[in-house]
Amino acid sequence: FTDRYDRLVSRSAKYSRQEQMDSNLDELPICKMVEKFEENPDVPPGRSVAKRVFDLEKNEIRLDFHYVKGRITAEQRTYVKDVGEFRMKKVNPFQKDPKTLEMMEELGNLLEAERECMVSIREAGREAVEILATRDKEESDIVLDMSAWDIARTITDEGRELREDAEEIEENLQEADYLLPFVKKLGISNTDKPFPRETAVQLKEMCQRSLKDRMVERAQLIQDKLDAETEAFNERQQSYQRKEGHVEASEEENFEAFVSDTLFRIHILEQR
């Protein structure tokens, strides 16, 4: 921590069953909590707390004070919560011991600080679990951000594809324009403007002649196919009649199937 009103710089916790750290931190028992503070210049030398240790297993609270200038040791106080006892490690042997009432009042303040420390650590644990869960969720569905250069290149490629598609569609439309061959025969290059009446009448006559020729050609193809089917049917029927009385059951079934299929095709061709 930085710039806190209480000059707290760090807070840590030790769990008694570290082998289960994969569980939620709220479910793990805490055996020790430690808070560290920076020196307070407004407090008399030797009275500024450097560390508070809440040892839950030993049921003790220990205060470590900042070093006094010119000393190689620092004062320390240890409180036993169950019995209300305390031990002191003094730097100055001539220093007077604090009164019992002052020590009990300080113990009460430390017990309240212990509860606040426990709440803060549990909240930090829950926040850490939420952060890890959010990170796992985000990492499972990673979406890469494209750079400006990649976006520009993609837009360029898409524009090129759109132009190619438009050109292909235009070519297909020209191929599907049934009037275009007749227009070309008349030597007309500009098809954007309306045709004059004489040109339109001429195109109409050309289209009608072409349609008539195609219908005659189609009718002739159908007639040729009908004649071929009829001839094949007659030949098969004559062959079957010559074998009459000596026809096996399988041949009779095949002939009946042939007759059915041929008559169906002839019927379709006659309708056309």
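Just so it is clear, the structure is predicted and the values come from calculations on it, not from any experiment.

J.: Can you walk me through the sheet that holds strand β1 (residues 8-15) in this structure?
T.: Whether parallel or antiparallel, the strands of a sheet pair through hydrogen bonds between backbone atoms. Pairing within the open sheet is antiparallel, and its six strands lie in the order β1-β2-β3-β4-β5-β6. Only two strands of the sheet have a single partner each, and these edge strands are β1 and β6 (85-89). Shown here is a sheet whose adjacent strand axes are inclined to one another by a mean of 10°, direction ignored. Where strand β2 (residues 30-37) and strand β3 (residues 49-55) come together, five bridges link them in antiparallel fashion. Across the sheet, the residue bridging to K36 is K51, located in β3. Along the sheet, helix α1 (residues 100-140) makes contact with β1, β2, β3, β4 (60-65), β5 (76-80) and β6, crossing β2 at roughly 105°.

J.: Can you walk me through the side chain of T78 in this structure?
T.: As for its position among the elements, T78 is in strand β5. Judged by its relative accessible area of 7%, T78 is buried.

J.: Sorry if this is basic, but what is going on with the pattern of salt bridges here?
T.: Pairing between side chains of opposite charge can happen when their charged atoms approach one another. Taken as a whole and judged by the stated rule, the model has 12 salt bridges. With a closest N to O distance of 3.1 Å, R62 and D64 form a salt bridge. According to the relative accessible area criterion, D64 is buried, its value standing at 13%. Where R135 meets E139, a salt bridge forms, and the shortest distance between an N and an O atom there is 2.8 Å. With R135 and E139 both in helix α1 and four residues apart, the pair spans about one turn of that helix. Among the ionic contacts, a cluster of salt bridges with common partners joins R47, E75, R77 and E106.

J.: Help me understand the nonpolar core in this model?
T.: What tends to happen in soluble globular proteins is that the nonpolar side chains get buried as a cluster. Among the nonpolar cores identified, the biggest contains 15 residues, and M33, F54, Y79 and I121 are the most heavily contacted of them. Going through the elements one at a time, β2, β4 and α1 are the ones with two or more residues in this core. Counting residues per element, this core draws most heavily on α1, which supplies six residues. When residues no more than four places from it in sequence are discounted, the contact partners of I121 are R11, S12, A13, Y15, I30 and M33.

J.: Could you clarify how one ought to interpret unusual backbone geometry in this entry?
T.: Where the residue is not glycine, phi is negative for most of them; where a peptide bond is considered, it is trans in most cases. Notably, R7 is not glycine yet its phi reads approximately 65°, a positive angle. When you line up the elements, R7 lands in the segment before β1. The residue N59 is not glycine, and still its phi comes out positive at about 60°. Here N59 lies in the loop between β3 and β4. Of the residues examined, N59 reaches a relative accessible area of 18% and is grouped as buried.

So, how was this worked out
- Residues numbered from 1 in each chain as written.
- Predicted model: local features only at pLDDT ≥ 70, side-chain atom pairs only at ≥ 80, totals over all residues.
- Heavy atoms only, no water.
- Pairing = 2+ DSSP bridges.
- Helix = DSSP H or I, 4+ residues; strand = E, 2+ residues; numbered from the N terminus.
- Axes fitted to C-alpha atoms, helices over the stretch in contact; angles between N-to-C directions.
- Contact = heavy atoms within 4.5 Å.
- Buried < 20%, exposed > 50% of the residue type's maximum accessible area, 1.4 Å probe, protein only.
- Salt bridge = Lys/Arg side-chain N within 4 Å of Asp/Glu carboxyl O.
- Core = buried A, V, L, I, M, F, W, Y, C linked by side-chain atoms within 4.5 Å.

The analysis is restricted to geometry; functional conclusions fall outside its scope.
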